[in-house]
Amino acid sequence: PEMLLDELFSPLAAYSARKPRPSSSAYAEASYWDSRFEEQSGVFDWYATYEELEGLLSEFCPASQGARTLMVGCGNSALSSEMHGAGYRNIVNIDISSAVVKKMEEQFAPLGLEWRVMDATAMTFEDCCFDLAIDKGTVDAMMCGTGEEASRLAAEVYRALRPGGLFILVSHNGARQELLNRELRARFGQSWERVELRRCRLSAQATFINVMRSRLQGKPIVSGFKDPQLLKEVATETRRLLKQMMFLEAFRAFKARKKRLANSGESASGTEAAAGAEASAPPIDKEEKEEEEE
């Protein structure tokens, strides 16, 4: 898709004007996020938007009446509102930052979404009350600390999902799998079942920032927004990468569907038995992996 620089300039300029990057452990603290969201307005999607995740959602968990979705660490992402527009009506958004919950609830009040200030590592929801849970970056933020918070989050998501429920995890951290299972084994004696590990394209904003960082080679990112020629070059490179990622994603999706069809044909005789056991199976973990493009 065509991308104009001015379509991204406002949110990216706001991103670049942030205070100096805090220590890694700060990303796991509520006070850091309150301070950050109090200074920001509007929405900002790092990692991916609904556009990048649409194929995944429609393939594994299409919108259905009555299905309940949990958005873990919603932040100021527009994903919930975009999913609502695609038919996902029953979405509960939680975040540890009261500042961002208040802002998002006011901004999207007409949609009737639910917003709660809540610690994802100690949720107050009853057991087995969601069909789908989505995390886009919260686990990564928690892994900047000791990592124990991420482990507790995963166990809480497991508890809140109904049998057969899906957990879509968007993450850059390749070391997450064992950490996600640690608390789960201790509390429930279970492990996540990985349905699919997929690398998908980044959002236009994230791609733009990654290209800018690679060009600046360690210089403050704000300096890039003061160089018109550099901005033009980065925008051109971003468009090229987005088109390339779209092609690769379509190719990978085609191969994955072909493989699943082949496997379903081979195991057709076991379909009835698997279906009968589905109700008592643990929630299914479906991970989506995204790598930064340099």
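Each remark here, short or long, concerns the structure printed above.
Worth saying up front: this structure is predicted, and the values here are computed from it rather than measured. (Residues numbered from 1 in each chain as written. Predicted model: local features only at pLDDT ≥ 70, side-chain atom pairs only at ≥ 80, totals over all residues. Heavy atoms only, no water.)

Before going further, it helps to spend a moment on the side chain of R68. Of note, R68 is situated in strand β1 (residues 68–72). We note that R68 is buried and unpaired, the nearest opposite charge coming from E114 at a distance of 4.3 Å. Within the structure, the side chain of R68 is placed 3.5 Å from the backbone oxygen of C129, a separation counted as a polar contact. Setting aside its immediate chain neighbours within four residues, R68 contacts N90, V92, E114, R116, C129, F130, D131, L132 and R162. (Helix = DSSP H or I, 4+ residues; strand = E, 2+ residues; numbered from the N terminus. Buried < 20%, exposed > 50% of the residue type's maximum accessible area, 1.4 Å probe, protein only. Lys, Arg positive; Asp, Glu negative; His and termini not counted. Salt bridge = Lys/Arg side-chain N within 4 Å of Asp/Glu carboxyl O. Polar contact = N/O pair within 3.5 Å; in protein donor to acceptor, adjacent residues only side chain to side chain. Contact = heavy atoms within 4.5 Å.)

A large share of strand β2 (residues 90–95) lies buried, amounting to five of its six residues. Across five bridges, β1 lies against β2 in parallel orientation. Its bridge partner lying in β2, R68 is registered against N90. Between β1 and its parallel partner β2, the chain crosses via helix α4 (residues 79–85), and the hand of that crossover is right-handed. Across four bridges, the pairing between β2 and strand β3 (residues 114–117) is parallel. In the sheet register, V92 faces β3, and the bridge partner there is E114. Taken together, β2, helix α5 (residues 98–107) and β3 constitute a β-α-β crossover, and its handedness is right-handed. (Pairing = 2+ DSSP bridges. Right-handed = clockwise from strand over helix to strand, strands pointing away.)

This next bit is on the environment of L111. Relative to the assigned elements, L111 resides in the loop between α5 and β3. For L111, a relative accessible area of 28% corresponds to the partly exposed category. Note: C-alpha distance between L111 and S80 (31 residues apart in sequence) is 9.8 Å. In contact with L111, not counting residues within four places along its chain, are S81 and H84.

Next up on the list: the pattern of salt bridges. Tallying each qualifying case throughout the model produces eleven salt bridges. Two residues, R116 and E114, come together in a salt bridge whose shortest N-O distance is 2.6 Å. Overall, the relative accessible area of 28% leaves E114 in the partly exposed class. A salt bridge links E178 to R185, with the shortest nitrogen-to-oxygen separation between them at 3.0 Å. Residue E178 is classed as partly exposed on the basis of its relative accessible area, which comes to 45%.

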